Each structure stands twice: as structure tokens, then as C-alpha cells.
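The lines below spell out each chain.
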Amino acid sequence: MTETDKKRGLEIHCRIAPVKPGVEPCVVPEDESLVRLVAPADYLRNGEPFTERIYRFGKVFDGTDDQRTVFEACAFDFVQDLIKGQNSLLFTYGVTGSGKTHTMAGSVKDGKDNFGILPRALYVLFKSLQNNMVEKGIFRPNGQNGFVIQSPEEAKRTRDTAPPMGHYEMRPIYIPVRPAQALSQSHCSTVFVSYVEIYNNLCYDLLDENVTDPKLRTSHDIRTNPLTKTTYVEKVKEVEVHSVEEALEQFLQAQERRQTAKTALNASSSRSHSIFTIRLVTAPWAETDEYPIRDSDQIRISEMSLVDLAGSERAKRTGNTGSRLDEAGAINSSLLVLRQCFEKLRTNAKTRNPTPVPYRDTKLTHLFKTYFEGKGCIRMIICVNPRPADFEENKHVMEFAELAREVKTNTITLPALPLEGLNSLPFGRRDVLQWTREFEEAVGDFEPLMIELFEPPPPPITVINPEDLKDQIERWREYYSRQDALRKKMGETVYDNAKAFSESLKQRLCYADLAIMRCEKLSDELNEVQQAYAHDVSRLREENKLLRDKLHAVEYRLCGYEAKDKNDREREKENRAEMRRTAAESERKSRLLNAVTTLVEAPITTTPTTNVAALRKQFDTPATAQDNERKRLRTRNHSRPPVPSKTANTGSATPSVSRGGTHMNTRYHRRSQSVGVGGRVLDHQPVNKIPTGTVFQPQLPRNSRHTTRISTEDLKKCTDYLFTNQSRDVNGSVRTDLVKGSIIPTAGGGRSVMFNDVEVLRHQDPTD
Ligand SMILES: Nc1ncnc2c1ncn2[C@@H]1O[C@H](COP(=O)(O)OP(=O)(O)OP(=O)(O)O)[C@@H](O)[C@H]1O
């Protein structure tokens, strides 16, 4: 087998997940191969804002690109390569929750057109191999990453002892995809799948149904085949599958064993790197029967590995603790080793003295070592969630992508397996073998005579050349006599069967020719249509992108308006509450004023209420008793004389005895500073005032006028008014109200009092 070496860069594509309306994305597609990384508005790094950057990719897919588009652009050619006998490795890489699993697998179960790369690749593969599939059990894994061809008896035994399929009953699925070129009818093939996960840097087999408890499963080593020098997972289970449904059943069962968990950033986050490998095993058909040539050297194996990497993550954002945190550590360190390998490969490419690449530092890089050394083509889909919260991580992902783009590996292209043309006959080798069997049944031992039987008849007799007529008749006579002789030899029934078979075969070939012609016509029409609309399609795509951008801008503005509207509504609510509060306060004040007005405007009685008059006596008596007691104590204890106050104008700071006999501090004696400032005060007292004997006394100017009954004359001579009212409250305590106001002239020449303040003094028994 000859091999050709060529240096090839890794192919890096980018898929941007859709962004929610109103969210300003931090990764913006610029065109079909460029993306722009923009920092969120308030982003600062070491106090510096981020200057936006452009990154280049092979292809860029945005939120409107569907699963089919991504598959066709990123994986269809890999399926074709697989059929041709080449190897390929496809990764999805990105932050947790960026759409890696969505891109790789999609929703396999829901049956909608949301299938990711994996089911689509299987679908295209099986569609293309439908005429090449060989019975199960003929090829068997040899335990060293290779295959052997078993005898028909061994193959039957393998089939009979194969475990039944699992509990998933996949309904036949249909995925609209374009077909790949099929493998030539000269080769037979079969497909094996394996599925492993690398969890905490240990490799586990996900197809191993014997392990029911994930804690009891054993890890597998990575080995190198001494002959082919390829790395593989030791003792991994490879299941032979013959349809996309069978393969997906295996995948879904294995998915249940895969380590996923709910994190703050993804409801179903992959906690491991998963590797689904499709291996196509082919060999030339044997000449005569439906069996491959029994020579293991003729076996050709090609593979396509689909790797869904676990997402890189920062513990701070995922909020992970405990085992989730350990997993995150293992994920991040294996991705770091991948990065280190890339860095080393990049530097090695520029130097004459390459240093070893640390493939063996993690299971992930160790397993794919041979790919980096040229086993096949490597492609990576960088998945990005453009939400602003992912900006920091996306920045690292973009830097990783930039590094990966610079990595060059030796890709060894193996000689391609023969393919069928796209317009090949719509029946396969199996049909031909079936027809041969039918024919053999029909003609039995007379097969050697068939050449004569199928001898084409002579051309029809024409009279254009009358000299030839005799010859023409003679040719027909000979033809019929040969056919008669044949019929006699074969017997009537066999002859008729053989003739009928030949007619039916002719008919089938005619249909096939017709189908081919139709196919050719349709493909010509398709080409014409494609050419005619190619321009329109690209224009419409551009228009679509523009409209999408506009829509996004409108949505963004709308969100702004909605936020403003919400703010306004809240402010209005607050204003209304404030107004209600103000109204209640003014209501309270007005009630108070009304109460005072009622109090003041009530007819002033010269005689106090019986209650107040009675109280006066009550207040006088204990005061005298107190005085006597104090006098008695002072004489007995030789008490010191009182110290004169320094603030002479406001009275002594030493407690003095009031008129009523209670102590009061003369420093604070006069409290109502507001009364009488700059004018004359009319001090309106009740007739029978109960001495309050308190420190709180209104300070009145000397020229104040005291009265128990006001007259118009009094009002005219004064500018300020102080009214003292006393009453008894429900507890029996005396309450003194000092109601203050300004006396203002009225338009009619009289006076009115405008009340502006009330001071309330309440006595309370301290034992209460
Ligand atoms: N391009 C897209 N279109 C529609 N939905 C998407 C797209 N990308 C991601 N999603 C949705 O985002 C969610 C998270 O995606 P997914 O599970 O694929 O992330 P992940 O990168 O595999 O995360 P993890 O590394 O944590 O496993 C899923 O619900 C998925 O359907």
C-alpha cells in the first residue's frame, strides 16, 4: 500500500449559538470566515478596556445556521473519506453550555430534524453502503485494533450468540441529506461502533452493558498496535451495526452511562470527554459467493472519531463544589495538555530539533497521538455562546482556536477504495447474485446452452435489396432450426422458463437504463437550476443576514424601551405612594389644627373645670409635704449652700424650688423661645391654673401681658399669643397644652390669632 505524506493545518470552524433577544452578543459573525470578539460595555481588565479583535476560521456558522448546514460543511466530506478508506477526527471544543453536544449529537431521541453530526454521518454512511453490507459475524475484531474474517460456521455462531439489542426501539428515521458516493460493488463492508468516555483522566467503555453500577466499572488502558503503530483503547467493545437505527440504539444506551450533571451553566453538562468511533471494515467480494475473499491482508479499515469534549469551565461561575469541582479540574487539565501539545507541535514545525510532544500526559491526547502524527484529517468545531457573561472564557477559546489553526500535522493519505459512480446502476451485486440464482434454477443443467439460447435473432427481413432476400430468409431459417434443436434438447418447460427469464432480465435492464437516463436528466436540471440560482441564493443569504442584523437591532432597542417603560412605571408608582403619604400627613396636620382650633375657639371659662380645680388642691398638698421633708433633711445633714449660676440672665443652674414646691432647673426654665420674639406676648392663663412645678416653663418677655380673660384691647396691644390649657387625661395625669400663635390684624380692623405651635406637657406618676 503506497502512502503519500503532506503537511496540513488543522481545520478550525466556529459555531455561534443563538443569542436571546435583547442581549448584546460578545462574539459577532463578520462574514463567512471571520468573527469579532467584543467586550461587554463595563468590561475592564487590570483597569484597561478590551480592544475588540477579529479571529479567522475555516467557516463561521451563526445562530441561524441549522444542523444540516453544519453537518454538510463540517462532516459530510469525512463520511465520504470514510467510505474511501481514510481516517478522520472531529472535535467539538468550547466553554460549558456553548453547544458542543448539540452540534455533535443534537436531539437523537425526539426524532425531529434536530439531529447533530453523529446521526447524520451514520445516516449518510448506511445509505451509501446499502449494496455492500455483508452478513454480520463475518468480520470479527482481533483484540488488537484489527479484524479477521471468520468462516461461515464461526460467523453463524457469532450471530446466534450475539446479545439482543437494548431497550431502545428506534423507529425508522429519515434525515434529508445528500447521498455520498457509494463504495464499489466489488467490495463488501460492515460497520462497527465503539463509544468510550474519558472521565477524570480514566478511560471507560460506554458500550459495556455488563457494568450496571458506574462505581464498579474498570478503566481501560491506551495501547499501541505494534504493526500499524496506531493507538487504541484496549479491550474496548465494538458492536457491529447494520443500520442507523441500530447504531443510534447503542449510542442512546451508552449515553445513559455517560457522566453528565446539572451545573449552574448547563442543565445537562458533560463531565467527561466522549469519543464515538465509527469503523468501516471492507474487503473485496469473493468471485462466486456472498462472502469476502478469505484473506485478512485484504481487509481495509477506516475510521471516523467524533469527540465531544467536556466544557472548559471556571469554578467561580459554575458554582461547583466537591466531586463536580474535581471533575472540572480533570477536564481543565486535560484541555490544558491538549493546548500544550498544540504549542509544542507549532514550535516543532519551526525548528530543526523538535522536542517530544507531551501526548502521554493525558489519556485524551495519548489516544489521538497517531492522528497528530498523520493518521488522518483533524477538524475542530469551536462552539461559542456569545452571551456577555461568557466573554472572559470565550476570549481564551478564541486564543486556543488561533493556536490550533497554526498547528500543522503530517497527513498520510492512503490509496482510495474504489467508489461507484453517482449514476451507477440502481441495483447491486446482491441483485445480480439473486438473478443468477433464479437463472440457474430456471435452466438447471442446461446452462452451457444458454449462450445459444440468448443468441440475438438476425436483423428483420427487408426488401430494399431483393438480391439479399434469399440470404436473409436463409439466416432466419437457420436461427429457428437452432432454437428448435435447443428446445428439443432442453425440453419445453426449461426452454420456456429460460426465455421468460431472459425477457424479464431484458425488462429490468431497460428499467435500469431508463432510471439512469432520468437520473442524468435530473442531475443536469439540478446543475442548471443551481447555476441559475447560485447568484440569487448568495444574494438572498446576504439579505437574510442584513435583515437578521436589523431585527436584532430593533429587538435590542425594544428591550431598551421596555426597560425604560418599566422604570417609568415604577417611578410613577413611587410618586403615587409619596402623594398618598403627603395627603395622609396633611390630613393628620389638618385634624390636629382643627382640634387646636376647637380648643382655642371654645368659650373661655373663668372658672376652671371642677376636675382641674380639684386637682390644684391635690397638687398643692404633696408639694408642701415634700418641702417640709426637704427642710427637715437639710437641717439634719448640714447641706451645702446653693452655688450661684454663671448664666445669670437665664437664671440659676442650681435646682430651685418653684412656686408649686417642685424642683426645676432654672437654666432650662424658659423653653418656648418661639413665643414673644420681637413683640409683646399675650399670656392667656386659666383662672385656676394647676402649678406644673416643672423645669419646662415658657420664657416670656418682661413686657408680656398676663390675663385670664382676653379682651380686644389685649389683642390689639400684643403681637403674639400664648394660651395655657389644662386638662386631665384618661390616666388621671395632668396635661398642659401651651398653644402658641401670632396675632394678626384683620381687614375689618379687628384681630385674629393664627395658631402655629402647640407644646404639650404631661405629668406622669413614675410608679405607674
Ligand atoms: N446552535 C444552537 N442552536 C440551538 N440550541 C443550542 C445551540 N447551541 C446550544 N444550544 C442549546 O444550549 C444548551 C446547552 O448546549 P450543550 O449541552 O450542547 O452544551 P455543551 O457545550 O455540550 O455543554 P457541556 O460542556 O456543559 O456539556 C442546550 O439546551 C442546547 O440545545
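Residues numbered from 1 in each chain as written. Predicted model: local features only at pLDDT ≥ 70, side-chain atom pairs only at ≥ 80, totals over all residues.

(A) Structural view of the overall build of the chain. Counting secondary structure elements, the chain contains 17 helices and 27 strands. Per-residue burial for the chain yields a buried fraction of 29% across its 768 residues. For the chain, contacts bridging at least 24 residues in sequence account for 71% of all contacts bridging at least 6. (Helix = DSSP H or I, 4+ residues; strand = E, 2+ residues; numbered from the N terminus. Buried ≥ 20, exposed ≤ 12 C-beta atoms within 10 Å, placed from the backbone. Contact = placed C-beta atoms within 7 Å.)

(B) Main features of the sheet that holds strand E26 (residues 734–745). The strand order across the open sheet built from five strands is E24-E23-E25-E26-E27, with neighbouring strands paired in mixed fashion. A strand with exactly one partner marks an edge of an open sheet, and here the two such strands are strand E24 (705–707) and strand E27 (751–762). On average, each strand axis in the sheet is tilted by 20 degrees relative to the strand beside it, whichever way the strands run. Two strands pair when backbone bridges link them, and strand E23 (residues 681–684) and strand E25 (residues 720–728) are joined in this way by four bridges, in the parallel orientation. Its bridge partner being in E25, His684 is matched across the sheet by Phe723. (Pairing = 2+ DSSP bridges. Axes fitted to C-alpha atoms, helices over the stretch in contact; angles between N-to-C directions.)

(C) Molecular detail of the sheet that holds strand E4 (residues 34–37). Ordered in space as E3-E4-E5, the three strands form an open sheet in which the pairing is antiparallel. Two strands bound the open sheet, and with one partner strand each, they are strand E3 (27–29) and strand E5 (53–56). With direction set aside, neighbouring strand axes in the sheet form an average angle of 30 degrees. Where E3 lies against E4, three bridges are found, and the strand directions are antiparallel. When the sheet's bridge partners are listed, Val27 is paired in E4 with Leu37.

(D) A look at the pairing of strand E19 (residues 377–384). Counting buried residues along E19, seven of its eight residues qualify, which places the element largely inside the surrounding structure. Judged from the six bridges that link them, strand E2 (residues 11–16) and E19 form a sheet pairing that is parallel. Residue Arg15 lies in a different strand from E19, and its bridge partner there is Cys383. In this sheet, E19 lies alongside strand E7 (residues 88–94) in parallel orientation, the contact comprising seven bridges. Along E19, the bridge assignment pairs Phe91 with Met380.

(E) Highlighting unusual backbone geometry. A positive phi is found at Asn201, a non-glycine position, where the angle reads about 65 degrees. Residue class for Asn201 comes out partly exposed when judged on the 18 C-beta atoms lying within 10 Å of it.

(F) Focus on the environment of Lys20. Tracing the chain through its elements places Lys20 in the loop between E2 and E3. When the C-alpha positions of Lys20 and Arg387 are compared, they lie 8.3 Å apart, and in sequence the two are 367 residues distant.

(G) Structural detail: helix H14 (residues 469–490). For H14, which comprises 22 residues, the first-to-last C-alpha distance of 32 Å matches the rise-based estimate of 32 Å (1.5 Å per residue) to within 8%. In terms of burial, H14 is a largely surface element, one of the 22 residues being buried. Looking one or two residues beyond H14, the residue adopting positive phi is Gly491, at roughly 90 degrees. (Expected span 1.5 Å × (residues − 1).)

(H) Region of interest: the UniProt feature "binding site: ATP" (unreviewed entry) in the chain. Within this numbering scheme, the UniProt entry marks Gly94, Val95, Thr96, Gly97, Ser98, Gly99, Lys100 and Thr101 as carrying the feature "binding site: ATP" (unreviewed entry). Along the chain, the position of Thr96 falls in the loop between E7 and helix H3 (100–104). Residue placement: Lys100 occurs in helix H3. Classification of Lys100 by C-beta neighbours within 10 Å gives buried; the count is 27. When near neighbours in sequence (up to four residues on either side) are disregarded, Lys100 contacts Thr92, Gly94, Asp308, Leu309, Gly311 and Cys383. (UniProt positions renumbered as here; feature names shortened; annotations may be inferred.)

(I) Examining the nonpolar core more closely. Judged by nonpolar contacts, the single largest core of 103 residues is most densely connected at Ala121, Ile382 and Ala401. Sequence-distant contacts of Ala401, that is, excluding residues within four places in its chain, are made with Ile12, Cys14, Tyr55, Phe57 and Ile382. Formed by twelve residues, the second largest nonpolar core is a distinct cluster that contains Cys718, Tyr721, Ile743 and Val753. (Core = buried A, V, L, I, M, F, W, Y, C linked by C-beta atoms within 7 Å.)

(J) Structural view of the environment of Pro745. With respect to the helices and strands, the residue Pro745 is situated in strand E26. Counting along the chain gives 29 residues from Pro745 to Lys716, while the straight-line C-alpha distance between them is 8.1 Å.

(K) Here's a closer look at the packing of helix H2 (residues 76–84) against helix H4 (residues 117–128). Two elements in contact, H2 and H4, have axes separated by 10 Å at closest approach and are oriented at 40 degrees. Considered as vectors, H2 and H4 are oriented oblique to each other. Seen from above, H2 lies across H4 with right-handed handedness. Where H2 abuts H4, its residues Phe76, Val79, Leu82 and Ile83 lie against Ala121, Val124, Leu125 and Ser128. Tallied by class, residues from the contact of H2 with H4 come to seven nonpolar, one polar and no charged. (Parallel < 35°, antiparallel > 145°, perpendicular 65-115°, else oblique. Left-handed = near helix turned anticlockwise from the far one by under 90°. Nonpolar A, V, L, I, M, F, W, Y, C, P; charged D, E, K, R; others polar.)

(L) Molecular detail of helix H11 (residues 391–405). Look at H11: 21 Å from first C-alpha to last across 15 residues, which is about the 21 Å you get at 1.5 Å a residue. For H11, the full list of buried residues reads Glu393, Asn394, Val397, Met398, Phe400, Ala401, Ala404 and Arg405. Buried residues of H11, viewed axially, fall in a sector of 160 degrees; they line one side. (Arc of directions from axis to C-beta.)

(M) The arrangement of the confidence of the model for the chain in detail. Per-residue pLDDT for the chain has a mean of 80; in total, 81% of the residues score no lower than 70. Residue range residues 604–610 is modelled with pLDDT below 50. Its contacts to residues more than four positions away, or to other chains, number nine contacts. A low-confidence stretch, residues 621–626 stays under pLDDT 50, and its non-local contacts, those more than four residues away or across chains, total six contacts. (pLDDT = per-residue confidence, 0-100.)

(N) Structural view of the packing of H4 against helix H6 (residues 244–257). Running from N to C, H4 and H6 cross one another at 150 degrees; their axes reach a closest spacing of 9 Å. Classed by the angle they form, the pair H4 and H6 counts as roughly antiparallel. In terms of crossing hand, the pair formed by H4 and H6 is right-handed. For the pair H4 and H6, the contacting residues are Leu118, Pro119, Leu122, Tyr123 and Phe126 in the first and Val244, Ala247, Leu248 and Phe251 in the second. Across the contact of H4 with H6, the residue classes tally to nine nonpolar, no polar and no charged.

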